[in-house]
Amino acid sequence: MTTISDVPERRAWQELGRRLPRPEAMLAITAHWETGGATHLTAGDAPRTIHDFRGFPQELFDIRYPAPGSPGLVERVAALLGHDRVIRDDGWGFDHGAWGVVQPMYPQADIPMVAMSLDRQLSPAQHLTLAERLAPLRDEGVLIVASGNVVHNLALWRQSQGTVPVWATAFQNRINAALLADDRAALLDLADEDARRAVNSGEHYLPLLYAVGARLPDDDAAIFNDTVDGALSMTSVLFGDAAYAPA
């Protein structure tokens, strides 16, 4: 709903799109594309728009994000990650984990984009290690977009909507501190009860590790959209020049 609602989070993404230097291409790691045994990348010149949800207004289903694909970026990512662990996938497209964030930033859909799956056979530490291989893209004009939620537990959200649970803010604050300090060990420490509630099935947390892994040594970090609603958070983090981050 953030994509079609006039809410602070959407306005912040719109502002970010205006502030950032225009990227040559985007790589979107999405919580809504889970694969097993390999990392999949959207292949082809024109990946389709996927509406991977139900029960929402028709306005959302009417959205198309016809950004061009980027075969060149696919091959570059495959070279960085290892051709043996990458599958070029022309059956998938841009799901709402990809277009839901970039559509407010770049509504013209004229920046080439590649979506990247989460290989759920990897541990969080292995995801982070894989992400570190993507760091060279940062100096090649590629904006890495990691789309998910730090706190994401739909089962608990239904009973906690409209509240700000202590456990959710405690976990969010802990992760925020780790992001600002580049404490990667803390980001992988997910064994306590707060983490089990927040990370839940995991797929919405793992994309964050790709943004962290691709962080460059001189990057600073900025936190924005730092809100919690029940068992969902909308917190965003920008690595690079923090001056570009919305207030």
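Up top is the structure these notes are about.
Here the residue index of a chain counts from 1 through its sequence in written order. Restriction of local features to residues with pLDDT of at least 70 applies here, the model being predicted, together with a cutoff of 80 or more for giving and counting side-chain atom pairs; totals for whole chains, interfaces and linings are based on all residues. The side-chain values count all of the structure's non-hydrogen atoms but skip hydrogen atoms and water molecules.

Trainee: Explain helix H4 (residues 96–105) to me, and be specific about the residues and the numbers.
Mentor: By the criterion of burial, H4 is predominantly enclosed, with 9 of the 10 residues buried. Think of it in three bands: residues with accessible area under 20% of the maximum for their type are buried, residues over 50% are exposed, and the middle band is partly exposed, with areas taken using a 1.4 Å probe on protein chains only. Each helix is a run of DSSP H or I of at least 4 residues and each strand a run of E of at least 2, with the numbering of both proceeding from the N terminus. Burial in H4 covers these residues: Gly 97, Ala 98, Trp 99, Gly 100, Val 101, Val 102, Gln 103, Pro 104 and Met 105. N-cap assignment for H4: the residue whose side-chain oxygen lies 2.9 Å from the backbone N of Gly 97 is Asp 95. N or O atoms within 3.5 Å of each other form a polar contact, as long as, within protein, one can give a hydrogen and the other can take it, and as long as residues adjacent in sequence are counted only when both atoms are side-chain atoms.

Trainee: Give a description of the side chain of Thr 49 that names residues and reports values.
Mentor: Along the chain, Thr 49 turns up in strand E3 (residues 48–49). Separated by 2.8 Å, the side chain of Thr 49 and the backbone nitrogen of Tyr 65 make a polar contact. Whether two residues are in contact is decided by their heavy atoms, any of which lying within 4.5 Å being enough. Residues contacting Thr 49, with those up to four places away along its chain left out, are Ile 63, Arg 64, Tyr 65, Pro 66, Phe 94 and Trp 99.

Trainee: Outline the nonpolar core, listing residues and values.
Mentor: Counting residues in each nonpolar core, the largest one holds 47 residues, and the members touching the most others are Leu 27, Leu 134, Leu 137, Phe 171 and Tyr 205. Taken together, the elements giving at least two residues each to this core come down to strand E1 (25–35), helix H3 (71–81), strand E6 (113–119), helix H5 (124–132), strand E7 (142–147), helix H7 (166–181), helix H9 (193–199) and helix H10 (206–213). Those residues in contact with Leu 27 that lie beyond four places of it in its chain are Leu 73, Val 77, Val 114, Met 116, Leu 134, Leu 137, Val 142, Leu 143, Ile 144 and Val 145. The criterion is simple. A nonpolar core is a set of buried Ala, Val, Leu, Ile, Met, Phe, Trp, Tyr and Cys residues joined through side-chain atoms within 4.5 Å. Counting 29 residues, the second-largest nonpolar core is a separate cluster that includes Ile 63, Tyr 65, Phe 94 and Trp 99.

Trainee: Can you break down the packing of aromatic side chains residue by residue, with the values?
Mentor: Each aromatic pair joins two rings of Phe, Tyr and Trp (for Trp, the six-membered one) with centres within 6.5 Å, and gets the label stacked for planes under 30 degrees apart, edge-to-face for over 60, and tilted for any other angle. Under the defined criterion, the tally for this structure stands at 2 aromatic pairs. Summarising the aromatic geometry, the rings of Trp 33 and Trp 92 are spaced 5.4 Å apart at their centres and angled 10° between planes, so their arrangement reads as stacked. Taken together, the positions of Trp 33 in strand E1 and Trp 92 in the loop between strand E4 (86–89) and strand E5 (93–94) put the pair 59 residues apart, joining distant regions of the chain. Assessed through its relative accessible area of 3%, Trp 33 is described here as buried. On the basis of relative accessibility, which here comes to 26%, the residue Trp 92 falls in the partly exposed class.

Trainee: Which residues make up the environment of His 204, and what values do they have?
Mentor: With respect to the helices and strands, the residue His 204 is situated in the loop between H9 and H10. Residue classification places His 204 among the buried residues on the basis of a relative accessible area of 9%. Remark: the alpha-carbon pair of His 204 and Ala 31, spanning 173 residues in sequence, is separated by 5.0 Å. At 3.4 Å, the side chain of His 204 forms a polar contact with the side chain of His 152.

Trainee: I'd love a proper account of the side chain of Ser 233, names of residues and values included.
Mentor: The residue Ser 233 is located in strand E10 (residues 232–233) in this model. What Ser 233 contacts, discounting residues up to four positions off in sequence, is Asn 149, Val 150, Val 151, Gln 172, Thr 227 and Val 228.

Trainee: Give me the lowdown on the environment of Thr 3, citing residues and values where you can.
Mentor: With respect to the helices and strands, Thr 3 occurs in the segment before helix H1 (8–19). What makes Thr 3 buried here is its relative accessible area of 9%. Sequence separation between Thr 3 and Pro 71 is 68 residues, and the spatial gap between their C-alpha atoms is 27 Å. Apart from the residues lying within four places of it in its own chain, the contact partners of Thr 3 are Arg 10, Leu 60, Ile 63, Trp 99, Gly 100 and Gln 103. In this structure the side chain of Thr 3 is engaged in a polar contact, spanning 3.3 Å, whose partner is the backbone oxygen of Gly 100.

Trainee: So what's going on with the environment of Leu 73? Residues and values would help.
Mentor: With respect to the helices and strands, Leu 73 occurs in helix H3. Residue classification places Leu 73 among the buried residues on the basis of a relative accessible area of 6%. In the structure, Leu 73 is positioned 142 residues away from Arg 215 in sequence and 19 Å away in space, judged by C-alpha atoms.

Trainee: Can you lay out the pairing of E6 for me, pointing to particular residues and giving the numbers?
Mentor: Judged by how many residues are buried, E6 sits mostly within the fold: 7 of 7 residues are covered. Bridge analysis of E1 against E6 gives 6 bridges, and the strand direction is parallel. Counterpart to Ile 29 in the pairing with E6 is Met 116. For two strands to count as paired, DSSP must find a minimum of two bridges between them.

Trainee: Requested: an account of the pattern of salt bridges, with residues and values cited.
Mentor: The rule for a salt bridge is simple: a side-chain nitrogen of Lys or Arg has to be within 4 Å of a carboxyl oxygen of Asp or Glu. Enumeration according to the criterion identifies 13 salt bridges in this entry. For the salt bridge of Glu 193 with Arg 197, the shortest nitrogen-to-oxygen distance reads 3.1 Å. Within this pair, Glu 193 and its partner Arg 197 are both found in helix H9, separated by 4 residues, close to a single helical turn. Owing to a relative accessible area of 45%, Glu 193 belongs among the partly exposed residues under this scheme. For Arg 197, a relative accessible area of 31% gives the class partly exposed.

Function-wise, these values are silent; they only describe arrangement.
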